[in-house]
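# Architecture at a glance
Residue-level listing of the chains:
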Amino acid sequence: MKSLGTPWADRRSDAVEIGGVRIAGVGPGFDLLRLEVSLDADPDLTPCVSVLDSASNEVQLGEAAVLGSATYAEPSYPETLRRSICLSVRIPSDLPEFSISVTCDGTKPLRSRLYVSPEEARGLRDSWWSLTNPAECDDGYEEWFRKNHVTMADRAAQKIAQRHFSIRPLFSIVVPLFRTPLSFFSEMTSSVLAQTYDNFELILVNASPEDDALACACRELSAIDERVRVVTLDNNYGITENTNAGVDVARGDFVSFFDHDDLLEPDCLYWYVKGINDYPDTDLLYCDEDKLENGHLSFPYFKPDFDVFYLETNNYVCHMLTIRRELLLRLERPNSELDGAQDHAMALATGDMARNVYHVRRVLYHWRIHSSSTAGNVAAKPESLDAGKLAVARHLALRGERASVENLEDMPHYYRVSLTRASSSSVMVYGRSDDLEVRADTLRDSLPDSVAEVISVAIPSHSALVPTLLAAARSARGEYLVLCSDDVVLPKGNWVEELVSFCARTGVGIVAPVVLYPDGTVRDAGVVCSLEGALRPEFRDFFFEGSPHVRGLLRCPHTVSAVRGACLVIRADLFAEIASSLTGCPGLFWDVALCLEARRRRNLATVVLPSVQVSAPVPELALGGRKSEVLRAYVSGRAWLFKNWPEFFSGADRFYSRQMRQDGYYGLADYR
């Protein structure tokens, strides 16, 4: 019996080879076993996969799913055709060792068996978890933070440098206090007064005057440091109105909102001011953050740059929200109805009006976890759940959008926005398959009346893809184009309306669903475009149903730099404008170029809409002995993108933090 340790060339058994073995952990109960079977290109050969335990009992959980297949010529023997089939089968997650048995019925029955030892099985599982463990769950985060923490030398340099900023705004840091434990109060205020940028005022709004110890601490602090101002209320009016009382007396150019039990890094304001000097029209600022519990740091949040569509689903901006006071005074003030979501409401309202939003890509805020904080206990402020939904609904109403807002099940403080907008569309099914017209005819019967037509577009070659699509698009009757590859399996229901309705929103250029493999794992959910992570797919091979991701990115609409073209929606006139400029496109990455050009020309977003999922197989080029062909196509396509859109690959992806590994899995950057 062969094993994983057996050289690939020696694993051949009667013309059947087993390779590409991987185990993906998808949650409690079962894992996904992936493998690639290579055999003679005989159409009568149908592989059957069994997974056997040490006693030769079958232990797979259901039938194997075929993820894709391809026929190719043996590199060493071009006249010999082989067929490669990618398969996925569920196995128990506690299966320590096993054998993979592949049998093929046909004119000449074949069989091959591969043994996976306990050490090899454990290594495959560990490899998957190390790859897909998100930064938020990485036990090494605190060590990573300490290594990246501002040093005493940095602080000294910042104190000198901040005096030479051409713009030195005054910050009003508003802190509503209510029965604040003195230990929290002391740590919070100390973190503010230790800032390396010194032009600020700390406004303490005390809503618990009966707490003599807290009132005394406020008075003493204001007597020591003239930058500390105290506002004493006669009662607790709720966090929103208490905060408003602080805004009323603020004198700063910018107003920052700070919770009474949290901590700032000493260089927080320094980086905010640097951002304002770099981008003087900045009206809204926020930073990355983490959680503080019992003196230890964990659960970092490396946020994307400003994304209003993601912000509508959850208040990811959150801390430390800072708004130009001139703009803040023009906004409608939130009231007590929004207690617990007042900052969410302000972020949405300001984002709509801000000339520039600046995201400081550094962890500068520590959100304390304790029994009365929503940082670790949603039940501490249950009213904030409905308040958040109300904040999003009001924001959408002010934008003139007809939509409903609901809580996402099992995801507190996350919301689903359902839009209703009637627009006509043309579905274009493109590809090189022989039955392209048949597929288009089948699709016509399942689409709603809003679809004006289904057009089949035969692509003669990869290099002719863009001009062929462009020629077909120019005669399309729909206002929007739904571009679908001929290998995509489309869902039933109102998926077209969902995609088109979102694409019709102001600021949106392209919308794509999540594309899944036939076994329910992610094939396409966005593309990373950065210097280090150029063209890496996001969440590749994640099990969709079991992986909402800790930040809801596989459940919530969000902006990405680019998507792939298996299925996407774009306005017809926009496609005609952009596609006509994609000269010299080698075929691969035409879809990425479409997204980048929409952002460059019109500042239009590319959005992934996870509420719609389609299915597609593993591309034929990715299977079999075609690595050199794939590599040539990849290098050619990437070089074309780098040459024509260099600004998108010269630094960090705006929607995928550089603090994370640039492989698309949202893991913490190497800190060891």
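Just above, that's the structure.
Quantities reported herein were computed from a predicted structural model and do not represent experimental measurements.

### As for the packing of aromatic side chains
- This structure, assessed with the given rule, holds 23 aromatic pairs.
- Pairing Tyr286 with Tyr316 gives two aromatic rings, centres 5.9 Å apart and planes at 90°, and the pair type is edge-to-face. Of this pair, Tyr286 sits in strand β14 (residues 282-293) while Tyr316 sits in the loop between α8 (308-311) and β16 (322-324), placing them 30 residues apart in sequence. An identical accessibility class is assigned to Tyr286 and Tyr316; each is buried.
- Aromatic ring contacts, followed pair by pair, group Trp128, Phe539, Phe542, Tyr656, Tyr665 and Tyr666 into a single cluster.

### Side note on the sheet that holds strand β3 (residues 30-40)
- Read from one edge to the other, the open sheet built from 4 strands follows the order β2-β3-β6-β5, with strand pairing classed as antiparallel. The open sheet has two edge strands, β2 (16-25) and β5 (65-73), and neither has a second partner. Averaged over all pairs of adjacent strands, the angle between strand axes in this sheet comes to 20°, irrespective of strand direction.
- Bridge count for β5 against strand β6 (residues 81-92) is 8 bridges, and the pairing is antiparallel. Its bridge partner being in β6, Thr71 is matched across the sheet by Arg83.

### Focus: helix α16 (residues 590-602)
- The terminal C-alpha atoms of α16, which comprises 13 residues, lie 18 Å apart, in line with the 18 Å expected from a rise of 1.5 Å per residue.
- Of all 13 residues in α16, 10 are buried, a share of seventy percent or more.
- Within the sequence span of α16, burial applies to Trp590, Asp591, Val592, Ala593, Leu594, Cys595, Leu596, Glu597, Ala598 and Arg599.
- Just downstream of α16 lies Asn603, where phi reads positive at about 55°.

### Topic: the pattern of salt bridges
- Here the structure, examined in full by the defined rule, presents 42 salt bridges.
- Asp283 is paired through a salt bridge with Arg324; the nearest N and O atoms lie 2.8 Å apart. Here Asp283, found in strand β14, pairs with Arg324, found in strand β16; they are 41 residues apart in sequence, far enough to count as distant.
- Overall, Arg324 belongs to the buried group, its relative accessible area being 16%.
- Here Arg505 ties to Glu312 by a salt bridge, and the two come within 2.8 Å at their closest N and O atoms. Linking Arg505 in the loop between α14 (495-503) and β23 (508-516) with Glu312 in the loop between α8 and β16, this pair joins segments that are 193 residues apart in sequence.
- The exposure class assigned to Arg505 is buried, which follows from its relative accessible area of 2%.
- A residue is classified by how much of its surface remains accessible, and Glu312, at 2% relative accessible area, is buried.

### As for unusual backbone geometry
- Phi angles above zero are rare outside glycine, and Asn603 is one such case at about 55°.
- Along the polypeptide, Asn603 turns up in the loop between α16 and β29 (605-615).
- In this model, Tyr666 sits at a positive phi of 65°, which is unusual for a non-glycine residue.
- Positionally, Tyr666 belongs in the segment after α17 (627-644).
- Looking at Tyr666, the relative accessible area reads 6%, which means it is buried.

### Comments concerning the environment of Glu326
- Tracing the chain through its elements places Glu326 in helix α9 (residues 325-328).
- For Glu326, a relative accessible area of 56% corresponds to the exposed category.
- Spatially, the C-alpha atom of Glu326 lies 8.1 Å from that of Phe254, the residues being 72 residues apart in sequence.

Definitions and limits used
- Just so you know, the residues in each chain are numbered from 1, in the order the chain's sequence is written.
- Note on the predicted model: pLDDT of at least 70 is required for a residue's local features to be given, and 80 or more for side-chain atom pairs to be given and counted; whole-chain, interface and lining totals, by contrast, use all residues.
- Heavy atoms from the whole structure form the basis of all side-chain values; hydrogens and water molecules are not counted.
- Here a pair means two rings of Phe, Tyr or Trp (six-membered ring of Trp) with centres within 6.5 Å. Their orientation is stacked below 30 degrees between planes, edge-to-face above 60, and tilted elsewhere.
- By the criteria applied, helices consist of DSSP H or I runs no shorter than four residues and strands consist of E runs no shorter than two, each listed in order from the N terminus.
- Summary of the burial criterion: residues with accessible area below 20% of their type's maximum are buried, those above 50% are exposed, and those between are partly exposed, where the area comes from a 1.4 Å probe applied to protein chains only.
- DSSP bridges decide pairing: two strands pair if at least two such bridges lie between them.
- Lines are fitted to the C-alpha atoms to define the axes, a helix being fitted only along its stretch in contact, and any angle between axes, read from their N-to-C directions, falls within 0 to 180 degrees.
- The span one expects for a helix is its residue count, reduced by one, times 1.5 Å.
- For this analysis, a salt bridge means a side-chain nitrogen from Lys or Arg found within 4 Å of a carboxyl oxygen belonging to Asp or Glu.

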